[in-house]
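Structural description and commentary
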Amino acid sequence: MSEPVTGTPVAGASSDSRFGALREQLADAATAFAGSPDALTGILAGLVDDVDHALGEELEIFPVCHHSPSSALAMARRLRDKQPKVIYLELCEDMQPLLTELRNCELPVALQAFASDLDGFPAGAGPLSVIAPITEASAEYQAIAYALETPGVELLLVDRSTDHVFQWQSDDRTDPAAAADGDDEPAQQSGQGQQGQADGEDDEKALHGDAVGVGIGDLRPGFAELEAYLLHHGKVRHWSEWWDQYVEQPLIGADHDTYRQVMVMIGSLFRRLRPSDAARLDRDEDRERYMWTRMRDHLAASGADPADCLYVCGAFHAASRVEQFGVRSTAPFEITAPTGTKWRYGLIPSSHSAIEAQFGLAGGTVSIAASTWRKALTGSKVTPYRLAGQQGGRKSSARKTKKAARPTAGGTAGAAAPGDDRLSGFLAAPSRPGELDEAELRGWSVDIVRLARRNGYLASTADAIAIFETAVLLAGMRNRRRPTPYDFADAAVTCIEKDVVPGRRDVRRLCEIMFGGDRIGRVGYDAMPPLARDVYDRLAPIGLDPKRRTVQRALLDLHGQPELRPCSDLLWMLRRLLPPEVVRPIMGERRLGEKSVQESWDVAIGRHQRSIIELGYEGVTIEQVLEQRLRRAAWDPQATAAHALGAVEESLLFLQNRRLTDELGARAVQLLAAERTADGAPEVLQRIRQLLAYYRTSGEPQLPAWCQDFVSTGYAHYCTLLPTAFVDDETGLRQVAAMLGFLMTMESVAMALGCDRTQLELAVRQSHPEAPAKIALHWAAQSQLGQLPLAELRDRCADLLASPLTVGAFPHYLSGFVQALEPVPTLAPFVVEVLSAAFGQLPDPVLLPWLPTLITTLREQAGELVPILVREAGRTFPASLPALDSWTPPWAAVAPIAARTGSAGDGAAPAAESARYAMSGPAPELLAEFPLAAVAVADLLGCAADPVGGAAAAPPAAGEPAVADLLERFPTSAAGVAAHVGLVPAAG
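Residues numbered from 1 in each chain as written. Predicted model: local features only at pLDDT ≥ 70, side-chain atom pairs only at ≥ 80, totals over all residues. Heavy atoms only, no water.

**Here's the deal with the overall build of the protein chain**
Scanning the protein chain from terminus to terminus reveals 43 helices and 12 strands. Here the protein chain, with 988 residues, has 51% of them falling under the buried criterion. By sequence separation, contacts in the protein chain at least 24 residues apart represent 77% of the contacts at least 6 residues apart. Here the protein chain displays about 43700 Å² of accessible surface, and carbon together with sulfur accounts for 54% of that area. (Helix = DSSP H or I, 4+ residues; strand = E, 2+ residues; numbered from the N terminus. Buried < 20%, exposed > 50% of the residue type's maximum accessible area, 1.4 Å probe, protein only. Contact = heavy atoms within 4.5 Å. Areas by Shrake-Rupley, 256 points an atom, 1.4 Å probe, with all protein chains shown as cover.)

**Some remarks on the side chain of Gln324**
Within the element layout of this structure, Gln324 appears in the loop between helix 11 (315–318) and strand 9 (344–349). Judged by its relative accessible area of 2%, Gln324 is buried. Contact partners of Gln324, with chain neighbours within four places excluded, come to Arg289, Trp292, Arg296, Ser329, Ala331, Pro332 and Phe333.

**A closer look at the sheet that holds strand 8 (residues 309–314)**
In sheet architecture, strand pairing relies on hydrogen bonds along the backbone and comes in two forms, parallel and antiparallel. Taken in spatial order, the 4 strands make up an open sheet running 1-8-2-5, and their pairing is parallel. A single partner strand is all that each edge strand has here, and the edge strands are strand 1 (60–64) and strand 5 (154–159). Each strand axis lies, on average, 30 degrees off the axis of its neighbour in the sheet, ignoring direction. As judged from the 5 bridges shared by strand 1 and strand 8, these two strands associate in the parallel manner. By the bridge assignment, Pro63 is partnered in strand 8 with Cys313. (Pairing = 2+ DSSP bridges. Axes fitted to C-alpha atoms, helices over the stretch in contact; angles between N-to-C directions.)

**Regarding the nonpolar core**
Counting 229 residues, the largest nonpolar core has Tyr88, Leu111, Tyr311, Phe710, Leu722 and Leu827 as its most contacted members. Those residues in contact with Phe710, other than ones at most four positions away along the chain, are Leu645, Ala668, Val669, Leu672, Val684, Ile688 and Phe742. In terms of nonpolar packing, the next biggest core, distinct from the first, is built from 27 residues, Leu451, Phe468, Ala471 and Leu510 among them. (Core = buried A, V, L, I, M, F, W, Y, C linked by side-chain atoms within 4.5 Å.)

**Points about unusual backbone geometry**
Here the residue pair Leu107 and Pro108 is connected by a cis peptide bond, since its omega of 5 degrees sits within 30 degrees of zero. Of note in the backbone geometry, Gln656 takes a positive phi value of approximately 55 degrees without being a glycine. As for its position among the elements, Gln656 is in the loop between helix 24 (641–655) and helix 25 (658–674).

**Overview of helix 21 (residues 565–577)**
Between the first and last C-alpha of helix 21 there are 19 Å, a value that for 13 residues agrees with the 18 Å anticipated at 1.5 Å per step. Where helix 21 is concerned, the buried positions are Cys567, Ser568, Leu570, Leu571, Trp572, Met573, Leu574 and Leu577. (Expected span 1.5 Å × (residues − 1).)

**Here we look at the packing of aromatic side chains**
Tallied over the entire structure, the rule returns 21 aromatic pairs. Seen in terms of ring centroids, Trp292 and Tyr311 are 5.3 Å apart; in terms of plane orientation they differ by 70 degrees. Their pairing is edge-to-face. Separated by 19 residues along the polypeptide, Trp292 in helix 10 (residues 278–302) and Tyr311 in strand 8 bring together distant segments of the chain. What makes Trp292 buried here is its relative accessible area of 1%. Centre to centre, the rings of Phe877 and Trp887 are 5.1 Å apart; their planes meet at 45 degrees, and the pair counts as tilted. Placement of Phe877 in the loop between helix 36 (866–876) and helix 37 (881–885) and of Trp887 in the loop between helix 37 and helix 38 (898–901) is noted, with a sequence separation of 10 residues between them. Look at Phe877 and you get partly exposed, because its relative accessible area is 29%. In this structure Trp887 comes out as partly exposed when scored by relative accessible area, which is 24%. Through a chain of ring-to-ring contacts, the aromatic side chains of Trp239, Trp242, Trp243, Tyr246 and Phe270 assemble into a single cluster. (Phe/Tyr/Trp six-rings, centres within 6.5 Å; stacked < 30°, edge-to-face > 60°.)

Next comes the structure, spelled out in structure tokens:
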């Protein structure tokens, strides 16, 4: 941790200034509590100097903290007293046009700037989004409502634009949306979230998505040690509770001068006591230079008197000491030009939970602030400003602003003159939140018990009494005369929750609901983009209420009410574009060539307004947005032919736009011709089959031109790749089978389009696979092309089962045969025959070792093709057990595979059967063909053998006792020799 920034005394500051006495007191305190008080004295004196500097500015600076009821109350009071003609507000200047749309919304909502097509930012950084949440209990809303409802008042947003927010972040970050600085906070989940919440509450926390949040006045210590010290000595758990206890409550009833001086002092304290991060400090100061430059430019252009203006900014920036500080400064600051990114603006719903998650506040903080705001309004008799026409607001507040300002609680006739030292009295006075309000605490206790019983807790009147007493006890232990909402929540958890949570909400969450709940805003119809309004209008015939936040059920009888078909089409497009929870089909489906007669939908558009509003940033209608996304998917640099075919299918399902379909199909042909691997072959085969089936049943006289090109191009393309794919270890069996499936199932169409079957025959002949599974697949392809008769294929399989050198690898051969059912479905009876022979004739010592391999191989590589074998077996084998005794396999009439494997006689010993099986196969032929090698092996093994007189000597017979004894005693050596000379492949 770096050293804190020390203060620089203000020019001309002395003990004779308004804060001279306070400066001397702080210097004496630093001397008393620090051995070397120079650094501490500099910091404490710097705090006083910053306050004096801010108060001495000709343009009045009003420091605030975001979502602070004391700031909102002080703002309402000051606006009625001062009645400024120009208000400068610390918000992104490009969001100015959105402010008038707040009349059509229900707070809380958030101003949003959104961009998906970026120009001038790092590749892959988008989409970018910035939000600025607005609640009624906030100073910025009071300023906005006053300016918009009072004639002759001008409101100007002076903070950097959205484009500059990401420009400055991208200077030292690869991803500009990865984090934020100063008051900008990326969307995040609060670390103090509670357990047991409802499913919908997580959605409410995510209302802002991954947007970067901007707010006015993020006040929090920069040093973790300082924050931990304050929390420990304040006897609180988190920063929000400390701020409410020691800042919010004492400032609720304070006069304007006291509030202003205290907030500037806090901003100066947190500004100075933080790590010396030069990059972050530069960015914060650049924001202040930016805002002062905008204000000076406006004052020069409009000729407004600074005395009639009000600058509303965060307390952190109110304590600024940059060289551009003040309206009389002449220090230049160059504002960079925006990038070419096109930003779209709108309003999205917000919620208390979303704001807490965005700015790292404790759960329930904003709800408690709203409750404090309502209570403060009742106690102080201050009339807040509200936008006319807003739900829950008054029709107009402009009339009241024309009246003479009434004296407020802090502005009585006996008060000191403005600008006097109020800090000394505030810092010296103890924190007194007030006496115990038994009626209020009793009402809280009764309400939480009632709410807990509704949510499954076995709470009673005794629990209400216990909560009351525990809250008072906790407040006393924490040196508080009056229990705070945080004390009450702790008491409720202690007395009600016991050990388990019976419902979806825990007691702490119920306390938040009781204090005001997670209020969720709603954007009005007139404030929505055209696309969102179009969606609401087109869904009106099915009777959905867009204001309801619950899930609504929509029943569509498309046969009896065909006029509802457009609503069905729109719901399916929304299903494609929006998250799954927004619209969800319960009954009905949409596939190529099929449409439902009846449909049932669960629609939650009212809960997910943000998703529909952000669609409006991409286009004017749903159809336009879907077309843009399909084009983007097909022309993406990482797109494949399968992706393009998927876009073609969706264009047929949702848009029925022949021009778009032809363009996407032509793109699929280009992508297929450019592919150098067969990785996407399975998906390509599946999609092109569906499209061909659709066009054949759609009544069109011929296939579209792009579809014909795709088949002919794919036929030639896969014929070219086939020999390489068979021997390439990187190409899987499934991919090779899909290529063969394309070539053989599309053969008739390809021949009609002018392709030559010789291409496929040559490709198969040129393929020389080595892996067992691919060998079996190659045999199946040869059988389909007539290059390998079925009888010969049966003999090859019999040899595989008969040889001990290959029987261990037979599961892989079988996997290849099963995969061959894709290109050669007529091979299913033969595969059943092979499996029957293997299970029926192989001895258990041979069959059982490779059975697990067979099962796992089929499950992993051919799970969807096994049902074909099951159906074929069901047609082949008898249906009853008695019929099985007299049943004769249909393949018994031909040369059966079992004839080559032998049969286990009744009562034969397993050892004898295994020895007889080991003597079968190519071993005798091997010995007869290479007699000298056999004799040499016998000599090496120490077996007596007659000497061979040379090449002319007669070779020993394969069945002589010495040779038979050699084979029986050393079967592994015989297998190794056979594999070495290349007669048969080695097993495994």
